Amino acid sequence: MSQTRKELIQIVRDWRTLTLALVLPVILLMLLSAGLTLRVDDLPIVVQDLSASPASRDFVDAFRASLSLHVVAWPVDRPPDEALTSGAARAALIIPADFGRDLARGVDTPVQLLVDASDANTAKLTAGYAAQITRAYNERAAGVRRVALVQTAIRLWYNPGLSSKKFYGPGIFVLGLSMFPPLLAALAMARESEQKTILQVYVSSISAHEFLLGKVAAFTAVALAECMLMLAVLFTYFDLRLAGDPTPFIVATLLYAFCVASFGTMVGATVASQVAAMQLVALGGFLLVFLLSGLLFPIENIPAGLRWISNFVWGRYYIEIVRDALLQGGGWPAVWLKVVIIAVIGAVFYALAWRSMRRMQLRG
Amino acid sequence: MASLWGRLPQLRRLRALVVKEFNQIRRDRRLVISLIAPPLLQLTLFGFALSATVTNLRLGVVDDSRTPVSRELVAALTESRSFRLGGYYATADELGTAISQGKLDAGVVIPYEYARDLWRGRPTTVQFLLNAVNAYTATIAQGYAEAVMQRYNADLLRAGFPGAVDGTAGQPDRGQVRLMPAFLFNPGLVDSWFIATGIFGLLLILNSSLISSAAMVREREAGTIEQLLMSPASTAEIIVAKITPLFLLLCMMMLLAVAVLKLVFGVPFHGSLPFVLFGGVLCILSGISLGTVIATLSRSAQQAQLTAFFVNPPMSSLSGALNPVEAMPDWLQPLTMLNPIHHFATIVRGAMLKGVGLATLWPNVLALLVFTLVLVSLSIWRFRKQLS
């Protein structure tokens, strides 16, 4: 198709943009996966030991020895909540003056833990770690260790080490694929209408289908090239392998490339301004796929009023296919429906783009 | 700058330029809408959707024991909000297949000797399978499962099962340390307060950088920048004129976002609102200048957008705005000091949730100020260099 060739020539000629589009996702992939870990530890905590007895020092040492918390020095005369307001620590442990005496007498002694709860989740973690340390200290001091009657042996399937690379790798792969190709496609389409070159298309003999298919094919090719590049990184740097039957993954990837290219083209066709088109792609490609696809945060968490939107988010189905292909290996029986849905969504995008094109086209 | 404001003709020229930019933006109604609507939508969506709690994981059960005690265990697991019953399976293999096909998120296998072991006071082991494809959820779910089991164990002891005790060498009559946690600033542990305040800063930087880079490049792409250069206006004037309407629009967005924080999420305002807004203004300015720098470094709108798209995800996810800074590897943590989103998030949370002011937050304000100044001068320098 000459339209595809024209489009590809246009893309390749702007090689700086092309390299950016191909290389940036790869860098993103490596940077984000290196920067995000799943474990939160070394949380800073300050200790005010008003007792200063051997027993209290022993107790503080238990906190010092922990990997999850990290004791920060704090002068005794400064109010401990200042450490929280200034962000110097996540929590403050205050040991009362009677600590040592009470313990020796056999009286329970309260120890206060002030937790900065402005980050609710980390606050829960911090309090949990502190409770664990305290329990262990009590058991050690009493010399009695309770053995839990029911022991839990937790097996983590498909990612036993809970490696963040294996988790974020596929996710960011999908994100990159959902962001950059549609952005290019939308900008290219919007530019045609901004620079009025679209008028030439309208008056030419080329039909809406020919024009759109040419565009979509070109950007599908870009998406696939990007996909190859990122897969190469996933297989080498991330140590991921295809688990099981690769055919659903290959089919889904082809369809997904078509789907995102059509999405971008559709946005570009309906919105004439490059800036607005970019905003829309940011909304669709980034926000929807990032948020409502279960890429990072489970879909079940989204309030029911918003959750139904995720059924229309194309990235949601693809991420499940990619994870299945790279980690789980469920094959066709697990994913066939998702492949079909991606194809349908792609077709809908294409049809919408075609509708808005046809309205403009001159007849005859 | 002082002399520029002092001289009248220049001031008039600047006003004319600002009016021109305003007219340009007013005619582009889509841009105005896209500047205001998506950010607010994002704030609402993000604030609700990003939550670190995991609920309703589908739990499959293989109960080989088939006793009241084992059924109690299943009840204890499924009555928590974290897990719900996804069905019973006959064998562990069937359970495994269901997990691999994505029909279940987790599974529990209760052994045949479960009840007998418990009555005899012998520790017994329950196998717990978690689908860790989503490692994030799995990490949290693992913690839940452990917590539920701990509570269940305590209940067993209370219900009169003989507990297993190990070791006796100690002082059993010694007092116990009781930890009394108090959650300050957010006693209800509302997740969305943290997320929504983080997103707030993210939105300011993201939108101001994207929009300003687009606006800067467009003039160059359309070729009208030459006309501007031929005019007697200086580059500083051109930049100031270009930034003013965007800046005002973004400030409007900021005010709306603050309203959303207050009305939709119910974030308390313990500190001073003007202080938060001042931080927001600095944040917008640094975002705008970041966008301008990106624009001057790229040759086309496409490149500018791509670069902006590329800069934003790592900047937002490595800022501590959405996840704790401690979740980053140690070597990356100092980098957050260079991240305006980090400082702004600290300011917003400090002022809104903790009710502290400049006395405590001055380092963050200073950092934002320095960041803004450096970026603004960098963008003016780059712009000038490019135009000459």
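Parameters at a glance
- Residues numbered from 1 in each chain as written.
- Chains lettered and ligands numbered in written order.
- Predicted model: local features only at pLDDT ≥ 70, side-chain atom pairs only at ≥ 80, totals over all residues.
- Heavy atoms only, no water.
- Helix = DSSP H or I, 4+ residues; strand = E, 2+ residues; numbered from the N terminus.
- Rg over C-alpha atoms; globule rule 2.2 N^0.38 Å.
- Buried < 20%, exposed > 50% of the residue type's maximum accessible area, 1.4 Å probe, protein only.
- Contact = heavy atoms within 4.5 Å.
- Buried area = accessible area lost by both parts, 1.4 Å probe.
- Salt bridge = Lys/Arg side-chain N within 4 Å of Asp/Glu carboxyl O.
- Polar contact = N/O pair within 3.5 Å; in protein donor to acceptor, adjacent residues only side chain to side chain.
- Nonpolar A, V, L, I, M, F, W, Y, C, P; charged D, E, K, R; others polar.
- Pairing = 2+ DSSP bridges.
- pLDDT = per-residue confidence, 0-100.
- Core = buried A, V, L, I, M, F, W, Y, C linked by side-chain atoms within 4.5 Å.
- Axes fitted to C-alpha atoms, helices over the stretch in contact; angles between N-to-C directions.
- Expected span 1.5 Å × (residues − 1).
- Patch = residues over 30% accessible without salt bridge, like charges linked within 9 Å, V, L, I, M, F, W, Y side chains within 5 Å.
- Areas by Shrake-Rupley, 256 points an atom, 1.4 Å probe, with all protein chains shown as cover.
- Left-handed = near helix turned anticlockwise from the far one by under 90°.
- Phe/Tyr/Trp six-rings, centres within 6.5 Å; stacked < 30°, edge-to-face > 60°.

**Some points on the overall build of chain A**
1) Next: Looking only at helices and strands, chain A has 14 helices and six strands in total.
2) Next: Relative to the globule expectation of 21 Å for 364 residues, the C-alpha radius of gyration of chain A, 28 Å, shows a markedly less compact shape.
3) Next: A principal-axis box enclosing the C-alpha atoms of chain A has dimensions of 100 × 45 × 40 Å.
4) Next: Within chain A, the fraction of its 364 residues that count as buried is 57%.
5) Next: Considering only intrachain contacts with a sequence separation of at least 6, the fraction spanning at least 24 residues in chain A is 78%.

**Some points on the interface of chain A and chain B**
1) Next: The partner chain B presents 117 residues to the 116 residues of chain A that form the contact.
2) Next: Across the chain A to chain B interface the summed buried area is about 10300 Å²; carbon plus sulfur atoms make up 65%.
3) Next: It is L149(A), V150(A) and W157(A) in chain A that bury the most area against chain B; as a group they hold 8% of the surface buried on that side.
4) Next: Between K354(B) and D116(A) there is a salt bridge; the shortest N-O distance is 3.1 Å.
5) Next: Summed over the shared surface of chain A and chain B, the number is twelve residue pairs in polar contact (both at pLDDT 80 or more).
6) Next: Among the elements that line the side of chain A that touches chain B, the one with the most residues is helix 6 (residues 120-142) of chain A, at 14 residues.
7) Next: Tallied by class, the residues present in the side of chain A that touches chain B amount to 72 nonpolar, 25 polar and 19 charged.
8) Next: Inspection of the sheet shows strand 6 (residues 150-157) of chain A paired to strand 4 (residues 124-131) of chain B by eight bridges, in the parallel sense. Across the sheet, I154(A) pairs through a bridge with F128(B), a residue of strand 4 of chain B.

**Here's the deal with unusual backbone geometry**
All names here are of chain A.
1) Next: Positive phi outside glycine occurs at A52, with the angle close to 50°.
2) Next: Following the sequence through the fold, A52 ends up in the loop between strand 1 (43-49) and helix 3 (54-64).
3) Next: Exposure remark for A52: the relative accessible area of 46% places this residue in the partly exposed category.

**Remarks on the confidence of the model for chain A**
1) Next: Across chain A, the average pLDDT comes to 81, with 94% of residues at or above 70.
2) Next: The lowest-confidence element of chain A is strand 5 (residues 145-147) of chain A, averaging 64 in pLDDT; the highest-confidence one is strand 3 (residues 91-95) of chain A, averaging 90.

**Observations concerning the nonpolar core**
1) Next: If you look at the biggest cluster of nonpolar residues, it comprises 214 residues, and the most contacted ones within it are F173(A), W314(A), Y318(A) and F200(B).
2) Next: Element by element, the count of residues in this core is highest for helix 7 (residues 164-194) of chain A, at 17 residues.
3) Next: The contact partners of Y318(A), leaving out residues within four places of it in the chain, are F173(A), V174(A), L177(A), F249(A), A252(A), T253(A), Y256(A) and I342(A).

**Notes on the pattern of salt bridges**
1) Next: What the rule picks out here adds up to ten salt bridges over all chains.
2) Next: For R64(A), the salt bridge goes to D61(A), with nearest N and O atoms at 3.5 Å. With a gap of three residues between them, R64(A) and D61(A) both fall in helix 3, about one helical turn apart.
3) Next: Accessibility expressed as a relative area gives 51% for R64(A), which makes it exposed.
4) Next: In this structure, the salt-bridge partner of R58(B) is D105(B), at a minimum N-O distance of 3.1 Å. Within this pair, whereas R58(B) is found in strand 1 (residues 57-63), its partner D105(B) is found in the loop between helix 5 (92-100) and strand 3 (106-110), the two being separated by 47 residues in sequence.
5) Next: With a relative accessible area of 16%, D105(B) lands in the buried category.
6) Next: Taken together, the shared-partner salt bridges connect R90(A), D119(A) and E326(B) into one network.

**Quick look at the sheet that holds strand 2 (residues 69-72) of chain A**
1) Next: The strand order across the open sheet formed by five strands is 2(A)-1(A)-3(A)-4(A)-6(B), and the pairing between neighbours is mixed. Because the sheet does not close on itself, it has two edges, and the strands there are strand 2 of chain A together with strand 6 (177-184) of chain B. With strand direction ignored, the average angle separating the axes of adjacent strands in the sheet is 30°.
2) Next: Judged from the eight bridges that link them, strand 4 (residues 109-116) of chain A and strand 6 of chain B form a sheet pairing that is parallel. Paired with Q112(A) across the two strands is M180(B), which belongs to strand 6 of chain B.
3) Next: On top of the sheet, helix 6 of chain A reaches strand 1, strand 2, strand 3 and strand 4 of chain A together with strand 6 of chain B; it is set at about 170° to strand 6 of chain B, its chief contact.

**Examining the pairing of strand 3 of chain B**
Residues and elements named next belong to chain B.
1) Next: The buried fraction of strand 3 amounts to five of the five residues, a majority that puts the element mostly inside the structure.
2) Next: Burial of strand 3 is two-sided: the residues A106, V108 and I110 facing one way and the residues G107 and V109 facing the other way are all buried.
3) Next: Sheet topology note: the strand 1/strand 3 ladder contains five bridges and is parallel. Residue pairing across strands places D63 opposite I110, the latter belonging to strand 3.
4) Next: Both strand 3 and strand 4 contribute to a ladder of four bridges, which runs antiparallel. Across the sheet, G107 pairs through a bridge with L129, a residue of strand 4.

**Side note on helix 13 (residues 314-328) of chain A**
Residues and elements named next belong to chain A.
1) Next: Taking 1.5 Å of rise per residue, the 15 residues of helix 13 would be expected to cover 21 Å, and the 20 Å separating its terminal C-alpha atoms lies within 8% of that figure.
2) Next: The buried count for helix 13 comes to 14 of 15 residues, which makes it a mostly enclosed element.
3) Next: Just downstream of helix 13 lies G329, where phi reads positive at about 75°.

**Side note on a nonpolar patch on the surface**
Residue and element names in this part refer to chain A.
1) Next: Among the surface-exposed residues, V251, W332, W336, L337, V340, V344, V348 and L352 lie close enough to one another that they form a single nonpolar patch of about 680 Å² accessible area.
2) Next: At seven residues, the largest contribution of residues to the nonpolar patch is made by helix 14 (residues 332-360).
3) Next: Structurally, V251 is set in helix 10 (residues 247-270).

**Let's talk about the packing of helix 7 of chain A against helix 10 of chain A**
Residues and elements named next belong to chain A.
1) Next: The geometry of helix 7 relative to helix 10 is characterised by a closest axis approach of 7 Å and an angle of 35° between their N-to-C directions. Seen along the crossing, helix 7 lies across helix 10 with a hand that is right-handed. Of the residues in helix 10, those touching helix 7 at F173, V174, L177, S178, P181, P182, A185, A186, M189, A190 and S193 are F249, Y256, V260, A261, F263, G264, T265, V267, G268 and A269.
2) Next: A class-by-class count of the residues in the contact of helix 7 with helix 10 yields 16 nonpolar, five polar and no charged.

**Observations regarding the sheet that holds strand 3 of chain B**
1) Next: Strand order in this open sheet of five strands is 6(A)-4(B)-3(B)-1(B)-2(B), and the pairing throughout is mixed. The outermost strands of the open sheet, each flanked by one partner alone, are strand 6 of chain A together with strand 2 (83-88) of chain B. Taken over all neighbouring pairs, the strand axes of this sheet differ in orientation by 25° on average, direction set aside.
2) Next: Helix 4 (residues 68-78) of chain B contacts strand 1, strand 2, strand 3 and strand 4 of chain B of the sheet and is inclined by roughly 135° relative to strand 2 of chain B.

**Topic: the side chain of S68(A)**
1) Next: Mapped onto the elements of the fold, S68(A) is located in the loop between helix 3 and strand 2.
2) Next: Once you skip the residues sitting within four places of it in the chain, S68(A) turns out to touch R39(A), D41(A), D42(A), L43(A) and Y129(A).

**As for the packing of aromatic side chains**
1) Next: In total, this model carries twelve aromatic pairs over all chains according to the counting rule given.
2) Next: Judged by centre distance (5.8 Å) and plane angle (65°), the rings of F83(B) and F128(B) are edge-to-face. Pair noted here: F83(B) is in strand 2 and F128(B) is in strand 4, with a separation of 45 residues, a long-range link. When sorted by exposure, F83(B) lands in the same class as F128(B), which is buried.
3) Next: One aromatic cluster is present, built from ring pairs that chain together F59(A), F63(A), F99(A) and Y137(A).

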